[in-house]
Amino acid sequence: MQTDKPIALRESVGKYKDQTVSNSTNDNNNNNNHDADSIDPQAFRQALGAFATGVTIVTTRDANGVDVGLTANSFNSVSLQPPMVLWSLDKQALSLKAFTEAEFFAVHILADNQQPLSDRFAKKGSDKFAGLALTRGKGGIPLLDDCAARFECKTAFKYEGGDHEIFVGEVVEFVNFNKPPLAFLGGKYAVAVPRVAASTGVEDKRELDASFTRGSLSYLVSNAHYLFDRQLRDIMQQHSLSRGQFYTMSQLGNESPLQLKLIRANLDFAGLKLSAAETRELVAKNLVQEVPDAPAPSLALTETGRKMMIETSAVIKAMDEDAQAGIGYSEMQLLHQLLRKLVQNLMSGSSS
């Protein structure tokens, strides 16, 4: 049902029994075709899921002045002159009566960081608007801000389309918030990332001189690591720390205390070492302390060390924000996922 979660694209597809299915391909390629009289609804839904859509929240106000809203992705444009859009609603939806009787409704195309909002409006029986900052549109309908785009519509036509009611609205007001949209593909939320423009042949002279490998993944990752690491080296020099000492404190910043053997094992994985002399130096600087009565030799941050790592975390956060300039939320989410998968693949390869 529409109110359970976003569904694959559902639009009026006509009455198949009165139509002839044409096929210009060779008869030997018919294995993936389906006769119109034997359409399997589940298979049909899965096939429609191959079409990527955006995700919308449609809102209105019922006759009693109660705000009504739901998540839908059966949205499409109809006309530019006059500006008209359509969307469809399952005939079994509890909100059907409210939308059928409403003079106005609003369609909100969700931004890529609004999946929680989509999930909220996909649920039944809850006060979906509780705690949300709302404005009011035509006819007092509730409007949500900070989406990708929003359309206030006057109901123009209503049609029956199979198991759905199709609503056509004339757009009376719209706002483009210029945010990347949330996407939906194959029954799951997806990331919409613009295709990268073709190279102009003009390369940044600051890049490392390795033109024959410049397009390789290893080069790009290494180059990014080098540029990040250059700023980390400044932090290490400022506090007179070796790389092993800095990454020891970074580990303790995430979890303190830690057993010394675990600290050294993590450092060894990264090709780093922490000597006994370097450990004593951290203790002498009052950055770490040995943990008394621990079952095994362990280290913990001192208050001075913790303060230093908090300040360092703020610097690293600023580095991250600078690096993300001009990169959209969806692109960053995708990058995080891909980098985690890349690390997993490399770790699996190194252990095989």
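Residues numbered from 1 in each chain as written. Predicted model: local features only at pLDDT ≥ 70, side-chain atom pairs only at ≥ 80, totals over all residues. Heavy atoms only, no water.

Caption draft 1: Local environment of the overall build of the chain. Secondary structure assignment for the chain yields 9 helices and 15 strands. Relative to its 352 residues, the chain shows a buried fraction of 34%. Counting only contacts in the chain whose residues sit at least 6 apart along the sequence, the fraction spanning at least 24 positions is 63%. Carbon and sulfur atoms make up 53% of the accessible area of the chain, which amounts to about 21900 Å² in all. (Helix = DSSP H or I, 4+ residues; strand = E, 2+ residues; numbered from the N terminus. Buried < 20%, exposed > 50% of the residue type's maximum accessible area, 1.4 Å probe, protein only. Contact = heavy atoms within 4.5 Å. Areas by Shrake-Rupley, 256 points an atom, 1.4 Å probe, with all protein chains shown as cover.)

Caption draft 2: Structural context of the pattern of salt bridges. Applying the stated rule across the entire model yields 11 salt bridges. Between aspartate 146 and lysine 179 there is a salt bridge; the shortest N-O distance is 3.8 Å. Of this pair, aspartate 146 sits in the loop between strand 8 (142-144) and strand 9 (149-161) while lysine 179 is found in the loop between strand 10 (164-176) and strand 11 (182-185), placing the two residues 33 residues apart along the sequence. You can call aspartate 146 partly exposed: its relative accessible area is 46%. (Salt bridge = Lys/Arg side-chain N within 4 Å of Asp/Glu carboxyl O.)

Caption draft 3: Structural view of the pairing of strand 2 (residues 56-61). In terms of residue burial, strand 2 counts as a mostly covered element, since 5 of its 6 residues are buried. Where strand 2 lies against strand 3 (residues 67-72), 6 bridges are found, and the strand directions are antiparallel. Residue pairing for strand 3: arginine 61 is matched across the bridge by aspartate 67. Here strand 2 runs beside strand 6 (residues 104-109); their pairing, made up of 4 bridges, is antiparallel. Opposite threonine 59, over in strand 6, you have alanine 106 as the bridge partner. (Pairing = 2+ DSSP bridges.)

Caption draft 4: Spatial organisation of the sheet that holds strand 15 (residues 298-301). Spatially, 13-15-14 is the arrangement adopted by the 3 strands of the open sheet, whose pairing is antiparallel. The outermost strands of the open sheet, each flanked by one partner alone, are strand 13 (258-259) and strand 14 (288-290). Summarising the sheet, strand 13 and strand 15 pair through 2 bridges and their orientation is antiparallel. In the strand pairing of strand 15, leucine 258 is matched with leucine 299. In this fold helix 5 (residues 243-254) packs onto strand 13, strand 14 and strand 15, with an angle of close to 75 degrees to the strand it touches most, strand 15. (Axes fitted to C-alpha atoms, helices over the stretch in contact; angles between N-to-C directions.)

Caption draft 5: Seen up close, the packing of aromatic side chains. Under the definition given, this model contains 9 aromatic pairs. Centroid distance phenylalanine 246 to tyrosine 247: 5.4 Å. Interplanar angle 90 degrees. Geometry classified as edge-to-face. By relative accessible area, which is 2% here, phenylalanine 246 ends up buried. Here a set of aromatic residues connected by ring pairs shows up, and it is made of Trp87, Phe99, Phe105 and Phe167. (Phe/Tyr/Trp six-rings, centres within 6.5 Å; stacked < 30°, edge-to-face > 60°.)

Caption draft 6: Broad picture of the sheet that holds strand 4 (residues 75-79). If you trace the 7 strands from one edge of the open sheet to the other, you get 3-2-6-9-10-5-4, paired in antiparallel fashion. Bordering the open sheet on either side are strand 3 and strand 4, each of which pairs with just one other strand. Sheet twist, expressed as the mean angle between neighbouring strand axes with direction ignored, is 35 degrees. Where strand 6 meets strand 9, 6 bridges bridge the pair, whose relative direction is antiparallel. By the bridge assignment for strand 9, valine 107 is matched with phenylalanine 151.

Caption draft 7: Quick peek at the environment of phenylalanine 177. Mapped onto the elements of the fold, phenylalanine 177 is located in the loop between strand 10 and strand 11. Look at phenylalanine 177 and you get partly exposed, because its relative accessible area is 25%. Considering only alpha carbons, one finds phenylalanine 177 and isoleucine 109, 68 residues apart in sequence, at a separation of 9.8 Å.

Caption draft 8: Highlighting the environment of alanine 133. Relative to the assigned elements, alanine 133 resides in the loop between helix 3 (115-121) and strand 7 (134-136). Between the alpha carbons of alanine 133 and leucine 143 there is a distance of 8.8 Å; along the sequence they are 10 residues apart.

Caption draft 9: Spotlight on unusual backbone geometry. Residue proline 82 follows glutamine 81 across a cis peptide bond; omega there is 0 degrees. A positive phi angle is found at asparagine 178, which is not glycine, with a value near 55 degrees. Along the chain, asparagine 178 falls in the loop between strand 10 and strand 11. For asparagine 286, which is not glycine, the phi torsion reads 60 degrees and is therefore positive. Within the secondary structure, asparagine 286 is located in the loop between helix 7 (276-284) and strand 14. Residue classification places asparagine 286 among the partly exposed positions, given a relative accessible area of 40%.

Any functional reading would require information beyond the geometric quantities listed.
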